[in-house]
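# Observations on the three-dimensional arrangement
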Amino acid sequence: MEFHEKLRELRNQKNLTQEELSEILFVSRTAISKWESGRGYPNIDSLKAISKYFGITIDELLSSRELIDIAENDSHQKTQHMRDLVSGLIDCSVGMLFFIPLFGQQEGGIIRQVSLLSLQETPLYIKAAYFAIILLTVACGIATLALQNYSSIIWTKIKTVLSMILTTISVMIFIVSLEPYAAFFTFVLLVIKGVLLLKRP
């Protein structure tokens, strides 16, 4: 008997609805429905809760193959969450450009390093481009951190691509506008993101 059949049988033996079981296990009713229809498996923590509530071992709930699949999926999810955490923090750190002195400003024949918020005598369209790309990158970072548990296939695919594109554009804008320190800062962040992608399983 497969896991989804065992779970349905155990629930029926206790005369529980999917809604009632979801409240007991602290998961959504949709999750119970998905598990019972064979469209997915619970994570390790939910498996432990199911095992404890019904008073059976995890080995009785799952076949060896199912247990391996769940362990691999759980490991992959934890790795993905860690990658999203690092990537989101990297994107948010671009906001430091507003405050750290990485922009050159000519004053009385010398070039002084100032933060973006203190930058003057720079054409408005260039400064607007700086603000726009930094704010978009930070927004992408916040979204990545906030939506770590959101499992939409579209979001999963687009968040990494969007993050890489925004950081690449940042590097190019700073290079073209002759801001080497800001360009180097964003280039280092781009390299770190590239390393994260190379380590993807």
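This text goes with the structure placed above it.
Description of the structure in this document. Note that the structure is predicted; figures quoted are calculated from it, not measured.

## Quick notes on the overall build of the protein chain
Assigned secondary structure in the protein chain consists of nine helices and two strands. Since a compact globule built from 201 residues should have a radius of gyration of about 17 Å, the 25 Å found for the protein chain marks it as more spread out than a globular shape. Each of the 201 residues in the protein chain was classed as buried or not, and the buried ones make up 37%. Looking at the protein chain as shown, the accessible area adds up to about 12,000 Å², and 64% of this sits on carbon and sulfur atoms. Considering the protein chain, the positive charge centre built from 19 side chains and the negative charge centre built from 19 side chains are found 3 Å apart.

## Some points on the pattern of salt bridges
Summed over all chains, the structure comprises three salt bridges. The shortest N-O distance in the salt bridge between Arg-11 and Glu-36 comes to 2.5 Å. In this pair, Arg-11 sits in helix H1 (residues 3-13) while Glu-36 sits in helix H3 (residues 29-36), placing the two residues 25 residues apart along the sequence. Taken individually, Arg-11 and Glu-36 each receive the classification buried, so the pair is uniform in this respect. Across the pair Lys-193 and Asp-91 runs a salt bridge, and its minimum N-O distance is 2.3 Å. Of the two residues, Lys-193 sits in helix H9 (residues 180-198) while Asp-91 sits in helix H6 (residues 64-93), which places them 102 residues apart along the sequence.

## Quick word on the nonpolar core
Counting residues in each nonpolar core, the largest one holds 21 residues, and the members touching the most others are Leu-97, Phe-103, Leu-116, Leu-119, Tyr-130, Ile-134 and Phe-174. When contributions to this core are tallied by element, the ones reaching two or more residues are helix H7 (124-146), helix H8 (153-176) and H9. For this core, the element with the most residues is H7, which contributes six residues. Apart from the residues within four sequence positions on either side, Leu-116 is in contact with Leu-97, Phe-98, Phe-103, Lys-127, Tyr-130, Phe-131 and Ile-134. Formed by 16 residues, the second largest nonpolar core is a distinct cluster that contains Leu-7, Ile-50, Ile-56 and Leu-61.

## Looking at the packing of aromatic side chains
For any pair of aromatic rings, geometry is given as the distance between the ring centres together with the angle between the planes. Here the structure, examined in full by the defined rule, presents seven aromatic pairs. Ring plane angle 65 degrees and centroid distance 6.3 Å describe the contact between Phe-98 and Phe-99, whose orientation is recorded as edge-to-face. You can call Phe-99 exposed: its relative accessible area is 61%. Centroid distance Phe-98 to Phe-131: 5.1 Å. Interplanar angle 50 degrees. Geometry classified as tilted. Here Phe-131 lies in helix H7 and Phe-98 lies in the loop between H6 and strand E1 (103-107), a separation of 33 residues in the sequence. Since its relative accessible area comes to 10%, Phe-98 is described here as buried. Taken together, Phe-98, Phe-99 and Phe-131 form an aromatic cluster joined through their ring pairs. Above the face of the Tyr-53 ring, Lys-14 is positioned so that its terminal group lies 5.0 Å from the ring centre.

How each quantity is defined
- Residues numbered from 1 in each chain as written.
- Predicted model: local features only at pLDDT ≥ 70, side-chain atom pairs only at ≥ 80, totals over all residues.
- Heavy atoms only, no water.
- Helix = DSSP H or I, 4+ residues; strand = E, 2+ residues; numbered from the N terminus.
- Rg over C-alpha atoms; globule rule 2.2 N^0.38 Å.
- Buried < 20%, exposed > 50% of the residue type's maximum accessible area, 1.4 Å probe, protein only.
- Areas by Shrake-Rupley, 256 points an atom, 1.4 Å probe, with all protein chains shown as cover.
- Lys, Arg positive; Asp, Glu negative; His and termini not counted.
- Charge placed at Lys NZ, Arg CZ, Asp CG, Glu CD.
- Salt bridge = Lys/Arg side-chain N within 4 Å of Asp/Glu carboxyl O.
- Core = buried A, V, L, I, M, F, W, Y, C linked by side-chain atoms within 4.5 Å.
- Contact = heavy atoms within 4.5 Å.
- Phe/Tyr/Trp six-rings, centres within 6.5 Å; stacked < 30°, edge-to-face > 60°.
- Lys NZ or Arg CZ within 6 Å of the ring centre and 35° of its normal.

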